[in-house]
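# Structural overview for review
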Amino acid sequence: MSAVTFNEGSLKDIMNKPETVPASAPAEAPAKLRPTPYFETERGRALLESFGNFFRAGVPPVIGIALFILLWQIVSASGGDSGLPGPAKTWEAAKALFADPFYDNGPNDKGIGWNILHSLYRVGAGFGLAALVGIPLGFMIGRFAFLSGMMAPIISLLRPVSPLAWLPIGLYVFKETEPASLWVIFISSIWPIILNTAAGVSRVPQDYLNVARVLNLSEWKIFTRILFPSVLPHLMTGIRLSMGVAWLVIVAAEMLTGGTGLGFWVWDEWNNLNVEHILIAIFIVGIVGLMLEQSLMLIAKRFNYE
Amino acid sequence: MHNYLHIENAKMVFDTKKGKFTALTDINLTVKQGEFIALIGHSGCGKSTLLNLVAGLTTPTDGILLLSEREISGPGPERAVVFQNHSLLPWLTCFGNVYLAVERVFGAREAKAKLKERTQAALELVGLAHAMHKHPGEISGGMKQRVGIARALAMEPKVLLLDEPFGALDALTRAGLQDELMRIVQETHATTLMVTHDVDEAVLLSDRIVMMTNGPAATIGEVLDVDLPRPRDRLKLAENAHYHHLRGQVLEFLYQKHMKKAA
């Protein structure tokens with residue numbers, strides 16, 4: 001190793017050698033020695049950038065929500081005493097409501113927590129049944145053209161039917177409200193699962209099936225190693241759509257069947273003319289729906305391979 | 001070194017919406033064990049169709065295909081295919097992709113430890129031991145293609161079928177993989193059938209080049225013996241007069257005798 005080491009200083013010295021630089025250069029050279037300002041260093045810039053990203057991502061939603069609350073305030077104030085409750089009044093009511101979410105004063109007077117859980121249970125049960133039936137059915141429809149041809153007219157006929165139209169059938173067949181509301185969730189959330197699963201199966205890339213053919217894989221191996229993983233992203237889409245439908249439908253179904261649940265609670269509070277609680281219910285339905293959607297999105301991300 | 005793969009009067013007619021389309025006709029070819037054959041021709045000449053016939057992915061309309069005196073009646077792991085677009089299963093790791101094949105071929109006879117050993121060995125052969133537990137989405141195109149080759153080799157096939165294996169890669173990666181394939185074939189003595197449209201690749205790698213006429217009703221036009229000594233070195237070949245002579249013959253076939261009319 002030679003004794004010459006190139007550090008930044010010596011490099012600058014060479015670059016600033018008098019014969020290569022105009023006469024004015026030496027005056028500038030000392031100024032370069034001062035330390036670089038923090039926000040011009042790599043770390044400083046990264047910090048600035050992350051702040052920038054944070055504001056770009058965070059500010060618009062905050063402004064949006066603020067404007068929404070402002071609009072709400074204006075609407076409620078313009079109505080006078082008989083107008084909608086304002087944000088502040090609703091907030092106070094919500095605080096009182098959530099202070100004791102799990103009280104139980106008999107069948108028609110339960111805490112908000114119980115009502116949410118009842119609705120979630122019904123969605124879970126009805127939707128779970130729909131998945132149990134819909135996923136295998138979707139796989140079979142996707143795999144066998146004959147079955148697909150058989151089911152196509154039935155599905156196209158029944159799918160556009162409004163979910164609540166199924167409620168009387170459920171009530172008539174089951175004679176009870178609880179299975180009837182599960183039935184409504186089941187029948188309205190099964191279509192997206194069937195259709196997306198079937199579409200996923202018919203869209204398994206030919207390349208993967210060729211691999212299966214060259215390897216002569218057994219039907220079971222084809223299903224577990226190729227079909228199922230390949231269909232999973234489509235299946236997750238179906239489940240997300242179904243869950244969305246189920247959550248939409250449950251509130252309406254519970255309004256009609258009564259007893260417990262968010263839908264029942266909304267209707268009950270309407271009968272009590274407690275408008276704050278109706279507004280709160282709307283927020284709860286929105287927030288729970290959002291949380292369901294987001295958690296399913298997280299799961300779906302896990303199965304996105306590319 | 002007897003006749004290993006035997007194709008006799010093979011003909012392939014596809015039913016299309018516009019009626020029957022004859023892709024291949026009068027294909028006669030005999031491949032010796034351990035031979036490396038390149039199939040070359042303009043796009044649409046049916047060279048991939050011929051490969052698929054040998055793979056068993058399509059059945060010929062007419063004619064006979066024999067592999068070590070048994071008729072090819074469907075796809076099977078003794079004829080491993082390296083697909084043009086690698087066709088790895090994205091939800092399995094590189095190891096998992098190769099293991100799936102190994103398990104299928106040797107799973108009935110061998111213990112799990114031995115199967116894992118085979119998988120590992122195949123990935124080491126293509127120089128991918130370090131990326132074994134990565135998913136296909138996390139590695140480059142060249143590496144994916146190498147996993148595809150490892151998967152095919154791990155099955156210890158009677159015939160290795162390569163369908164434009166390096167077509168989607170950049171020139172530098174392609175050259176590296178060609179060298180690697182040459183080394184592997186030298187080591188394993190695999191009987192190989194490779195579809196390509198790259199003249200240099202064909203001359204560099206193969207023992208014989210099968211040149212196909214243009215479709216429809218394509219057939220084998222000429223067969224060229226590549227009598228260059230092995231091991232071959234692409235840099236030394238660049239100055240080899242005989243190499244250029246062979247290359248010239250393929251080019252002449254493709255661009256003078258069977259120039260494809262501009263589509």
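All values reported here derive from a predicted model rather than from experimental measurement. (Residues numbered from 1 in each chain as written. Chains lettered and ligands numbered in written order. Predicted model: local features only at pLDDT ≥ 70, side-chain atom pairs only at ≥ 80, totals over all residues.)

Of the regular secondary structure elements, chain A holds 12 helices and zero strands. Its helices and strands taken in sequence order, chain A reads α-α-α-α-α-α-α-α-α-α-α-α from the N to the C terminus. Looking at the 306 residues of chain A, the share that counts as buried comes to 27%. By sequence separation, contacts in chain A at least 24 residues apart represent 65% of the contacts at least 6 residues apart. (Helix = DSSP H or I, 4+ residues; strand = E, 2+ residues; numbered from the N terminus. Buried ≥ 20, exposed ≤ 12 C-beta atoms within 10 Å, placed from the backbone. Contact = placed C-beta atoms within 7 Å.)

Moving on to the overall build of chain B. The helix and strand tally for chain B stands at eight helices and 10 strands. For 263 residues, the compact-globule estimate of 2.2 N^0.38 gives 18 Å, and the C-alpha radius of gyration of chain B, at 19 Å, lies within 12% of that figure. On the principal axes, the C-alpha backbone points of chain B span a range of 55 × 45 × 40 Å. Put simply, chain B has 263 residues, and 43% of those count as buried. For chain B, the proportion of contacts with a sequence separation of at least 24, taken over those separated by at least 6, is 71%. (Rg over C-alpha atoms; globule rule 2.2 N^0.38 Å.)

Residue and element names in this part refer to chain B. Summarising burial for strand β7 (residues 159-163): five of the five residues are buried, a large majority. Across the two faces of β7 the burial is the same, with Val159, Leu161 and Asp163 and Leu160 and Leu162 all buried. Where strand β6 (residues 79-82) lies against β7, four bridges are found, and the strand directions are parallel. Bridge pairing links Val81 to Leu161 in β7. Sheet topology places β7 next to strand β8 (residues 191-196); five bridges connect them, and they run parallel. Looking at β8, one finds that Leu162 is bridged to Met194. (Pairing = 2+ DSSP bridges.)

Much of the literature gives interface size as the accessible area that the parts lose upon coming together. Listed as interface residues are 14 residues of chain A and, on the opposing side, 17 residues of chain B. Of all elements in the fold, only α9 (206-215) and α10 (219-257) of chain A reach the threshold of two or more residues within the side of chain A that touches chain B. Considering each element in turn, the side of chain A that touches chain B owes the most residues, seven residues, to α9 of chain A. Counted by class, the side of chain A that touches chain B contains eight nonpolar, two polar and four charged residues. (Nonpolar A, V, L, I, M, F, W, Y, C, P; charged D, E, K, R; others polar.)

Leu39, Val54, Val98, Ala150, Leu161 and Val250 of chain B are the most contacted members of the largest nonpolar core, which has 129 residues in total. In contact with Val250 of chain B, not counting residues within four places along its chain, are Ile40, Val199, Ala202, Val203, Ile209, Met211 and Leu224 of chain B. (Core = buried A, V, L, I, M, F, W, Y, C linked by C-beta atoms within 7 Å.)

Looking now at the pairing of β8 of chain B. Residues and elements named next belong to chain B. Burial analysis of β8 places six of its six residues in the buried class, the great majority of the element. Residues Thr191, Leu193 and Val195 point to one face of β8 and Thr192, Met194 and Thr196 to the other, with burial holding for every one of them. Sheet analysis places strand β3 (residues 36-40) next to β8, joined by five bridges and oriented parallel. Note that in β8 the partner of Ile40 across the bridge is Thr196. With helix α5 (residues 171-188) bridging β7 and the parallel β8, this β-α-β connection has right-handed handedness. (Right-handed = clockwise from strand over helix to strand, strands pointing away.)

The subject of this paragraph is the domain arrangement of chain A. Taken as a whole, chain A is organised into domain 1 (8-84) and domain 2 (98-302). Averaged C-alpha coordinates put domain 1 of chain A and domain 2 of chain A at centres separated by 46 Å. (Domains from an automatic or database assignment.)

Attention now goes to the environment of Arg230 of chain B. All names here are of chain B. Within the secondary structure, Arg230 sits in the loop between β10 (220-225) and α7 (234-237). We classify Arg230 as exposed; it has 10 C-beta atoms within 10 Å. Each C-alpha atom, one on Arg230 and one on Met182, is 9.5 Å from the other, the two residues being 48 residues apart in sequence.

Turning our eyes to something else, we now look at the sheet that holds strand β9 (residues 208-212) of chain B. Adjacent strands of a sheet pair through backbone hydrogen bonds, lying either parallel or antiparallel. Residues and elements named next belong to chain B. Read from one edge of the open sheet, six strands run β6-β7-β8-β3-β9-β10, paired in mixed fashion. Each edge of the open sheet carries a strand with a single partner, namely β6 and β10. Adjacent strand axes in the sheet meet at a mean angle of 20°, parallel and antiparallel pairs treated alike. (Axes fitted to C-alpha atoms, helices over the stretch in contact; angles between N-to-C directions.)

Residues and elements named next belong to chain A. One way to put it is that helix α5 (residues 112-143) packs onto helix α11 (residues 262-271) with a least axis distance of 7 Å and a crossing angle of 135°. As judged from the angle between their axes, α5 and α11 are oblique. Contacts between α5 and α11 involve Asn115, Ile116 and Ser119 on the former and, on the latter, Leu262, Gly263 and Trp265. (Parallel < 35°, antiparallel > 145°, perpendicular 65-115°, else oblique.)

Moving on: the domain arrangement of chain B. Residues and elements named next belong to chain B. Looking at chain B, the domain boundaries give domain 1 (3-78 + 157-257) and domain 2 (90-156). Here the C-alpha centroids of domain 1 and domain 2 sit 25 Å apart. Of the residues lining the interface, 13 residues belong to domain 1; the matching set on domain 2 comes to 14 residues. Counted by class, the side of domain 1 that touches domain 2 contains 10 nonpolar, two polar and one charged residues.

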